[in-house]
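Below are the chains, spelled out letter by letter.
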Amino acid sequence: MPPVLSRLPAPLLARIRRHEALLYALVAGLFTLWVARRFYGSLHFQLANSVAWNAPARFADNHLRYLQDIWSAPLDDVFIHFDFARSTARGAPLEWVPGNGYSSGGTSLSYPFVLAIGYLAGFRELSLMHWAAIIGTTCTLGLLLALRQAFHGLPRWTSYLLPPVLLAVGALDWSLFSGMEVALFLAVWGGAFVAWAELSRRLDEPQPVRLWRDLAPLAFWCFTITATRPEAVTTVAVLALDIGWRIRRKNGWRDAFFAVLWSGGPAALVVLAHAVTNRILTGDFAAAGALVKLELNNPLLSRAQVLDAYWSNLKYQVVRLTVHHFADNIYTGWSVWLLALLACVPRATRRYALVLWVSIVTWMATVALNGQVRWQNERYTMPAVAWLLAAAALGLAVLLDPRTLRAGLGKPLRVAGPLLALTATSVYWFGERSHFTDQVWFFGRASRNIFEQHVAVGASLRRDLGARVNRVLVGDAGAIPYVSDLPALDLIGLGGTFRLPFAKATAWNLAAGLELVQRLPASERPNVMAIYPGWWGSLPLWFSQGVLARVPVRGNVICGGHTKVIYATDWSSMDDAEHPFGLTAGEAVVDSLDVADIVSEQQHRFKLNRRPGGWVDMKKLAHPRSPERALWDAGRLAEPGLIQSAELRGLTAQGHARLLLRVAPAQPARLAIRSTGTLLGELELKAGDDWQELSLPLPSGALHSPLPLEFESLSGAPILFHLWLVQSR
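Residues numbered from 1 in each chain as written. Predicted model: local features only at pLDDT ≥ 70, side-chain atom pairs only at ≥ 80, totals over all residues. Heavy atoms only, no water.

A.B. asks: Provide a residue-level description of the overall build of the protein, including the pertinent values.
C.D. replies: Summing up its helical and strand segments, the protein has 26 helices and 17 strands in all. If one aligns the C-alpha atoms of the protein with their principal axes, the spans along those axes are about 105 × 70 × 45 Å. By residue count, 56% of the 729 residues in the protein fall in the buried class. For the protein, restricting intrachain contacts to residue pairs at least 6 apart in sequence, the fraction spanning at least 24 positions comes to 75%. In the structure as shown, the protein presents an accessible area of about 30,000 Å², 62% of it carried by carbon and sulfur atoms. Looking at charge distribution, the protein has the averaged site of its 67 positive side-chain charges lying 12 Å from that of its 53 negative ones. (Helix = DSSP H or I, 4+ residues; strand = E, 2+ residues; numbered from the N terminus. Buried < 20%, exposed > 50% of the residue type's maximum accessible area, 1.4 Å probe, protein only. Contact = heavy atoms within 4.5 Å. Areas by Shrake-Rupley, 256 points an atom, 1.4 Å probe, with all protein chains shown as cover. Lys, Arg positive; Asp, Glu negative; His and termini not counted. Charge placed at Lys NZ, Arg CZ, Asp CG, Glu CD.)

Written out as structure tokens, the structure reads:
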């Protein structure tokens, strides 16, 4: 107990001790509410400013109503969770938009269900963010209560350092109150931390441990961790393996193995079940978010480039946190890391600090796989920041507690400890306070940006077009479909659409994604798109028939561009693009490979002999049979040295057969076509700005099914767009 309190009357001291846990909860709650009010106050202030700017008369009539009832979020990704939550409330769980089918694009399995509770309770439309704010604030308080376990070996008063230290970093608060699942994830991790801490202390005592019963709480909370963030399986492993190691010392290896299996097994089953479900319903074990964001899944990078990107992302996290989020210079930010390391020295704090440190390292190592780690205010790294700040609070407590210093660090530091603690906190706060204020402002401005652009686009679609929209194509899968409440197609792939692998396709190029749009029936293709023109190259030029609206944003800090444009679409150049125009009488197509169409390529076991390679591009040229209209197709670049292989089926031994290959070479080229190492022939490609279909007759020895084929450019670098296997009847 601090000396200042030890002088209080004994009855008062006894009462304080009896209700001290409630006092800590009150202090933690007040800190949480104060910080939350700063951030949400900034949100409401800037949204009120936005409404006043855009509708001053309406705003003046009902000022308080707008201050209290209008909500937004600082990230469009928050609205992706809202999309899944609304679908869940409507009886279509795990669907981004009801009717689109299963989607693996959500970053959390459980969070949409938690949000759906609020939706069913009446938090509809933008007020669902109000419910998300309640969740974020409550879960932040839960984390502060759970982390108090780490101060078990210290005087209770030192735990009061935790709320101001943990909530001092504005970037962490930004993520906790953003409406994303970060706060929920850290809260359920806190439940697992409490279960682990209590069990690890019991293992130090002589009485036996009943494994099934005593490990059940840890198993439950670990299960909820991966249900909230499946990639947190490494975080679960930290707790499960530590408990297993402690049980090994007490009961031996057999019980240790059972402890790890029981405490971490349910969590691992969540990840396994999710992967299997993804495989069955989407064709890939990986979730759409992993396909879009992880450098490992980027087909445009070589293995060496992936490794370079990984180390760059890992280094970026440490440097960005230290010299930007923790300080305004390159020196004082390191005090956070040093204090966290200090907590590993004394015996009283070592076990907790080590678990926090291993969790930090494994989380940052996992996040480094994410190519978007530098985006969105470093939100992907924030769980590690929370654990680091908790360890730093422990280190600060070590400096301030004479008993801990005497036991672990010696007499000289015992005297200098409080002075070092005061110096470290003073220097840290001096550099951090401006960052905290900046983050509060950033939170409000980002929320206003999303409100003025993404929310406005969704409202415009719903109000002005409504029933005339059969489906809207978007590149931001959050607020536009949520606010418009219209069927949608996410070109990036985070929202699932009829089991088509947009996430995998668009990783190659826009053209590969458009090949999947071509697969949709004409009635299901979007007749409206709301996109940033600069993101999508030729898309608005080739596939629109006019601008319906432009929605700019003022003072942009978070949106992908200054102006979001709503277009009416025109997909007519995709019609009839799947059929050859060089068939002769008596011939029929027995099989075809649409190059750059991921689905068609998978069906035909398409492969490339090296990575990276096979770049995807597209062309829109005059239709050979109807020059007054255009024909569009996408294909892969056949650069020298690259071999594209596939299998075609359907041939019989009777009748003549040939290959038809669609090209539009910009320069002369020569292409070799082989089957199981045997040269079937070479094709000469003449340069021309028109669609060409080249024919290669097949010898009688090649008339079998399946027919393996290899394509290699001998000179030039043509794009192969489409391949048909035709045979006379």
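A.B. asks: Lay out the sheet that holds strand S17 (residues 722–728) in plain terms, naming residues and giving numbers.
C.D. replies: Spatial strand order, S6-S17-S11-S14: four strands in an open sheet with antiparallel pairing. The open sheet is flanked by strand S6 (587–594) and strand S14 (692–697), the only strands paired with a single partner. Averaged over all pairs of adjacent strands, the angle between strand axes in this sheet comes to 25°, irrespective of strand direction. Pairing between strand S11 (residues 657–663) and S17: six bridges, direction antiparallel. The residue of S17 that forms the bridge with Leu-661 is Leu-723. (Pairing = 2+ DSSP bridges. Axes fitted to C-alpha atoms, helices over the stretch in contact; angles between N-to-C directions.)

A.B. asks: Give a detailed account of the pattern of salt bridges, specifying residues and quantitative values.
C.D. replies: According to the stated counting rule, one finds 30 salt bridges in the structure shown. The closest approach of N and O atoms between Arg-448 and Glu-452, which form a salt bridge, is 3.7 Å. Residue Arg-448 and its partner Glu-452 are both found in helix H21 (residues 411–465); the two are separated by four residues, about one turn of the helix. You'll find Arg-448 and Glu-452 in the same group, each marked buried. A network of salt bridges, in which partner residues are shared, links Glu-20, Arg-148 and Arg-156. (Salt bridge = Lys/Arg side-chain N within 4 Å of Asp/Glu carboxyl O.)

A.B. asks: Give me the environment of Leu-461: which residues, what numbers.
C.D. replies: Mapped onto the elements, Leu-461 comes out in helix H21. Overall, Leu-461 belongs to the buried group, its relative accessible area being 0%. For the pair Leu-461 and Pro-206, spaced 255 residues apart in the sequence, the C-alpha separation amounts to 67 Å. Beyond its immediate stretch of four places on either side in the chain, Leu-461 contacts Gly-466, Val-472, Ile-480, Ser-484, Leu-486, Val-528 and Ile-566.

A.B. asks: Outline the packing of aromatic side chains, listing residues and values.
C.D. replies: Working definition: an aromatic ring pair is given by the centre-to-centre distance plus the angle between the planes. Enumeration over the complete set of coordinates arrives at 34 aromatic pairs. On the numbers, 5.6 Å between centres and 80° between planes, the contact of Tyr-310 with Trp-311 is edge-to-face. With a relative accessible area of 18%, Tyr-310 lands in the buried category. Taken together, a centroid distance of 5.0 Å and an interplanar angle of 50° make the contact between Tyr-532 and Trp-535 tilted. (Phe/Tyr/Trp six-rings, centres within 6.5 Å; stacked < 30°, edge-to-face > 60°.)

A.B. asks: Describe in detail the pairing of S17, supporting the description with residues and values.
C.D. replies: Taken across its seven residues, S17 has six buried, putting it largely inside the fold. Judged from the seven bridges that link them, S6 and S17 form a sheet pairing that is antiparallel. Along S17, the bridge assignment pairs Glu-587 with Ser-728.

A.B. asks: Please provide a residue-by-residue account of the environment of Val-236, values included.
C.D. replies: Tracing the backbone shows Val-236 in helix H13 (residues 233–251). A residue is classified by how much of its surface remains accessible, and Val-236, at 3% relative accessible area, is buried. On a C-alpha basis, the gap between Val-236 and Ala-192 in space is 8.6 Å, while along the polypeptide they are 44 residues apart. Excluding anything up to four places from it in sequence, Val-236 contacts Cys-222, Ile-225, Thr-226, Gly-264 and Ala-267.

A.B. asks: Let's hear about the side chain of Ser-460: which residues, and what values?
C.D. replies: Relative to the elements of secondary structure, Ser-460 occurs in helix H21. Relative accessible area serves as the criterion here: at 11%, Ser-460 is assigned to the buried category. With sequence-adjacent residues up to four places away left out, Ser-460 is seen in contact with Leu-465 and Ile-566.

A.B. asks: So what's going on with unusual backbone geometry? Residues and values would help.
C.D. replies: Working note: non-glycine residues mostly have negative phi, and peptide bonds are mostly trans. Cis geometry marks the peptide bond from Arg-611 to Pro-612, where omega comes out at -5°. The residue Pro-612 is located in the loop between strand S7 (607–608) and strand S8 (616–622) in this model. Located in the positive-phi region is Arg-499, a residue other than glycine, with phi close to 65°. Here Arg-499 shows up in the loop between strand S2 (488–490) and helix H23 (502–508). Backbone geometry at Arg-605 places phi at a positive 50°, although glycine is not the residue there. For Arg-605, the position within the fold is in the loop between helix H26 (598–603) and S7.

A.B. asks: Pulling in residues and values, what's your account of the pairing of strand S15 (residues 707–715)?
C.D. replies: Pairing of strand S10 (residues 643–648) with S15, which is carried by six bridges, proceeds in the antiparallel orientation. Bridging from a neighbouring strand, Glu-647 pairs with Pro-708 of S15. Examined bridge by bridge, strand S12 (residues 669–675) and S15 share five bridges and lie antiparallel to one another. Among the inter-strand pairings, Arg-670 is bridged to a residue of S15, identified as Ser-715.

A.B. asks: I'd love a proper account of the sheet that holds S2, names of residues and values included.
C.D. replies: The five strands are arranged S2-S1-S3-S5-S4 in an open sheet whose pairing can be described as mixed. The sheet is open, and its two borders are formed by S2 and strand S4 (544–552), each paired with just one other strand. Adjacent strand axes in the sheet meet at a mean angle of 20° when their direction is disregarded. The pairing of strand S1 (residues 472–474) with strand S3 (residues 528–531) spans three bridges and is classified as parallel. By the bridge assignment, Val-472 is partnered in S3 with Val-528.

A.B. asks: Explain the side chain of Arg-148 to me, using residue names and the numbers behind them.
C.D. replies: Along the chain, the position of Arg-148 falls in the loop between helix H8 (128–147) and helix H9 (162–166). Residue classification places Arg-148 among the buried residues on the basis of a relative accessible area of 17%.

A.B. asks: How would you sum up the packing of helix H16 (residues 303–325) against helix H18 (residues 347–367)? Please name residues and give values.
C.D. replies: Where H16 contacts H18, the two axes come as close as 8 Å, and the packing angle between them is 125°. Here H16 is positioned oblique relative to H18, judged by the angle of their axes. The handedness of the crossing between H16 and H18 comes out as right-handed. Packed against H16, whose contacting residues are Tyr-310, Leu-314, Gln-317, Val-318 and Leu-321, the element H18 presents Met-364, Ala-365 and Val-367 at the interface. (Parallel < 35°, antiparallel > 145°, perpendicular 65-115°, else oblique. Left-handed = near helix turned anticlockwise from the far one by under 90°.)

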